[in-house]
Amino acid sequence: MEFTVKFSPIGKRVTEKRPRLLLDIAREAGVGLRSVCGGEGRCGKCKVMVRPAGRPTIIERQLLTEDEISEGYRLACRTTVGKDTEVYVPPSSMTEEQKLQIAGREIKVKPFPPVGKFFLELPQATLTDPKSDFQRIRKEMLGKYGVQIEKIDFKALNVLGPTLREADWAITVAVSGREIIGVQPGNKTKQSLGMAIDLGTSKIALYLVNLQTGETINIQGVLNPQIAYGEDVLSRIHYAGKSTDNLEKLKGEVGKAINRTIRKICRENRVVPEDILEAVLVGNTAMQHIFLGFPAKQLGLAPFVMVTNDALEIKAREIGLEICAGGYLYLPPAIAGFVGSDHLAMLIASEVETKEGNFMAIDIGTNTEIALKTRERVVSCSCASGPAFEGAHIRNGMRAGPGAIERVNIDSRSLKVSIATIDDKPALGICGSGILDAVSEMVRVGILNSSGKIDSGFKGVRKIKGGKSLEFLLAKEGRREITITQQDISEIQLAKGAIRTGIEILLEETGLKARDIDGVFLAGAFGTYIDPLKAVRIGMFPEIDMGRFTQLGNAAGIGAKAILISKKLRVRANQLAKKVEYLELATYPKFFEHFSKGIRFPIAK
């Protein structure tokens, strides 16, 4: 009896016919698991989370903590699986890092930060001048800088006295509005830093920024550890909604990952977390709710209502974020249940609201957000495109990592397949851009017809072993074969059909045609690496001139940085959030008509 082993967050799926050691399955599938001891059960480096998890062995009880065992962690070299199994591979157990898209096209923003640092050399207290320390600072700030201070954060107040005296009355104060949020000895005004965070479903991108110049000092990307509890947003909403313990677990996982990365960034740049005066976090509505510890269950139930769509400014320490003791975390407003502050940040980074004409901005992911800006309106929608373009639900699919096929070309005469893999490593599977390429090429040469059926009369097409369904061979590495199956085509049709449906409904709602679109901005990792021509060829996008497409990279992260350094831009973002009209596709009268057309492939020209 066949069973499937799914490796996350790599996105690799393996079909097995008999019980086997998990480490052997991973090795043959090309999943890079650390195994310093060669699988002898001595090093504990092949630690993975297994669901369902069997009884731990004696060795596992020795090498793993009780908490790890209760969470389902096991050693791959000591675990035999014989039924459908989900395996989460933590970053510490991977031999290769996944390719994360965290950079993006920068925009020009004049810094106007909400926080700043001021150096003070204060007169010492005496019997004839016994003013309180805080009163002394308030007077000096008003006299020297013209800044009216009204309050001081409790944590800053707690260290004010000792810091003043140890620093011989020469200190730097960090000020947010009219509040002192931090105190440091000496002149630390050059280290006025901020942190922008893009909390994605799959990845977390962090940007250390100089608040005075707007310069990006460091960028780091890490996988979102919540992937172990579900690859898509709905899975995590469901998990979090089961109990407060589950919600706290998801919140804790992402909080630890962010703080760990902040500490790493600080070490690499020889600064301390206290130098980070403010943070801005953007994310989809569910990720933001979970991060803040808000109940998320209601987001998974119609009418998908969020707790609040206002911008939030809260003390970072209230949610355990390790920056300046009194520093604030700013979260821009979300727009709707499935259109979050990351979508708003993407709109800011694309600058669509400042352009004359009709522009579309598309952030492609598990949930694809699309905005159409016309001369009068900005209308947005969310498409449940699913994780197929991230390699999920694809037989040989995987996330973008070393060995993933990212480019495919099929010779129209010989039908010879040429592939390119990430880092030029031997092919292990196929990631989103490669899947799009492969399907596009199959459409172009006629292997796929308009309904998505594979034609059995072509070279490379064959029946799947033990079944009647067809598949097309892309590559072979030893015993490992990478194919595109009829089921894979169906998954791509659903994903691209959802995106095309969103586009067509927005066009219809605004009375526009594809020819009226002056420009299309593509954001996100998938939007960065796809070939727009091939996306048009499979009908994911309407026929729009290639010169009108612009690929932005991680636009949400760039938008978050812009909002971090400029109070004026925060005002503009809030105004834009109120202007955006959210369109619920499921209730649109012609939804199914558009979707039935969207899943079809255009006839090859």
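Refer to the structure above for everything that follows.
Quick summary incoming for the structure in this document. Everything numeric here is computed off the predicted structure, so don't read it as measured data.

Thresholds, definitions, all that
- Residues numbered from 1 in each chain as written.
- Predicted model: local features only at pLDDT ≥ 70, side-chain atom pairs only at ≥ 80, totals over all residues.
- Heavy atoms only, no water.
- Helix = DSSP H or I, 4+ residues; strand = E, 2+ residues; numbered from the N terminus.
- Rg over C-alpha atoms; globule rule 2.2 N^0.38 Å.
- Buried < 20%, exposed > 50% of the residue type's maximum accessible area, 1.4 Å probe, protein only.
- Areas by Shrake-Rupley, 256 points an atom, 1.4 Å probe, with all protein chains shown as cover.
- Lys, Arg positive; Asp, Glu negative; His and termini not counted.
- Charge placed at Lys NZ, Arg CZ, Asp CG, Glu CD.
- Axes fitted to C-alpha atoms, helices over the stretch in contact; angles between N-to-C directions.
- Parallel < 35°, antiparallel > 145°, perpendicular 65-115°, else oblique.
- Left-handed = near helix turned anticlockwise from the far one by under 90°.
- Contact = heavy atoms within 4.5 Å.
- Nonpolar A, V, L, I, M, F, W, Y, C, P; charged D, E, K, R; others polar.
- Salt bridge = Lys/Arg side-chain N within 4 Å of Asp/Glu carboxyl O.
- Pairing = 2+ DSSP bridges.
- Polar contact = N/O pair within 3.5 Å; in protein donor to acceptor, adjacent residues only side chain to side chain.
- Phe/Tyr/Trp six-rings, centres within 6.5 Å; stacked < 30°, edge-to-face > 60°.
- Lys NZ or Arg CZ within 6 Å of the ring centre and 35° of its normal.
- Core = buried A, V, L, I, M, F, W, Y, C linked by side-chain atoms within 4.5 Å.

Turning our attention to the overall build of the protein. Within the protein, the secondary structure is distributed over 16 helices and 29 strands. At 27 Å, the protein has a C-alpha radius of gyration in line with the 25 Å of a compact globule built from 605 residues. When the 605 residues of the protein are sorted by exposure, 57% land in the buried category. Here the protein has roughly 26,000 Å² of accessible surface; of this, 50% comes from carbon and sulfur atoms. Of note, the protein has its 85 positive side-chain charges centred 2 Å away from the centre of its 70 negative side-chain charges.

Following both chains from N to C, one finds helix H11 (residues 486-510) and helix H16 (residues 591-598) inclined at 130 degrees, their axes separated by 8 Å at the closest point. The angle between H11 and H16 places the two elements in the oblique class. Considering the relative orientation of H11 and H16, their crossing is right-handed. From H11, Leu494, Lys496, Gly497, Ala498, Arg500, Thr501, Glu504, Ile505 and Glu508 reach across to H16, where they touch Phe591, His594, Phe595 and Gly598. Residues that form the contact of H11 with H16 fall into these classes: five nonpolar, four polar and four charged.

According to the stated counting rule, one finds 28 salt bridges in the structure shown. Of the charged contacts in the structure, one is a salt bridge between Lys476 and Glu481, with a shortest N-O distance of 3.6 Å. For Lys476, a relative accessible area of 53% corresponds to the exposed category. The partly exposed category is assigned to Glu481, whose relative accessible area is 25%. Overlapping salt bridges bring together Arg407, Asp437, Glu441, Arg444, Lys534 and Arg537 as one network.

The sheet built from four strands is open, its strands ordered E8-E10-E11-E9 with mixed pairing. Single-partner strands in this sheet number two, and they are strand E8 (115-121) and strand E9 (151-152). Bridge count between E9 and strand E11 (residues 179-185): two bridges; the pairing is parallel. Considered in E11, the bridge of Ile152 is made with Ile180.

The buried fraction of helix H8 (residues 285-292) is high, at eight of eight residues. Turning to H8, its buried residues are Thr285, Ala286, Met287, Gln288, His289, Ile290, Phe291 and Leu292. For H8, the N-terminal cap is Asn284; the gap from its side-chain oxygen to the backbone nitrogen of Ala286 is 3.1 Å.

Enumeration according to the criterion identifies five aromatic pairs in this entry. Ring centres of Phe591 and Phe595 lie 6.1 Å apart, and the angle between their planes is 5 degrees; this geometry places the pair in the stacked category. Taken as a pair, Phe591 and Phe595 lie in helix H16 at a separation of four residues, close to a single helical turn. One Lys or Arg, Lys568, reaches over the ring of Phe112 and ends 5.3 Å from the middle of that ring. The ring of Tyr330 has Arg570 lying over it, and the distance from NZ or CZ to the ring centre is 4.3 Å.

Our next topic: the sheet that holds strand E27 (residues 519-523). With respect to topology, six strands assemble into an open sheet ordered E28-E27-E18-E19-E20-E29, the strand pairing being mixed. On the outer flanks of this sheet lie strand E28 (549-553) and strand E29 (581-582), each paired with one strand and no other. Sheet topology places strand E20 (residues 378-383) next to E29; two bridges connect them, and they run parallel. Each residue of the ladder has a partner; that of Val379, found in E29, is Glu581. The strands that H11 touches are strand E18 (359-363), strand E19 (368-373) and E20; relative to E19, the one it contacts most, it runs at about 20 degrees.

Counting residues in each nonpolar core, the largest one holds 69 residues, and the members touching the most others are Phe7 and Ile258. Sorting elements by how many residues they give to this core places helix H7 (residues 244-268) first, with eight residues. If we ignore the near neighbours within four places in the chain, the residues touching Phe7 are Lys12, Val14, Leu22, Ile25, Ala26, Val31, Val87 and Val89. Within the second largest apolar cluster, 62 residues are counted, among which are Val461, Ile503, Ile538 and Phe601.

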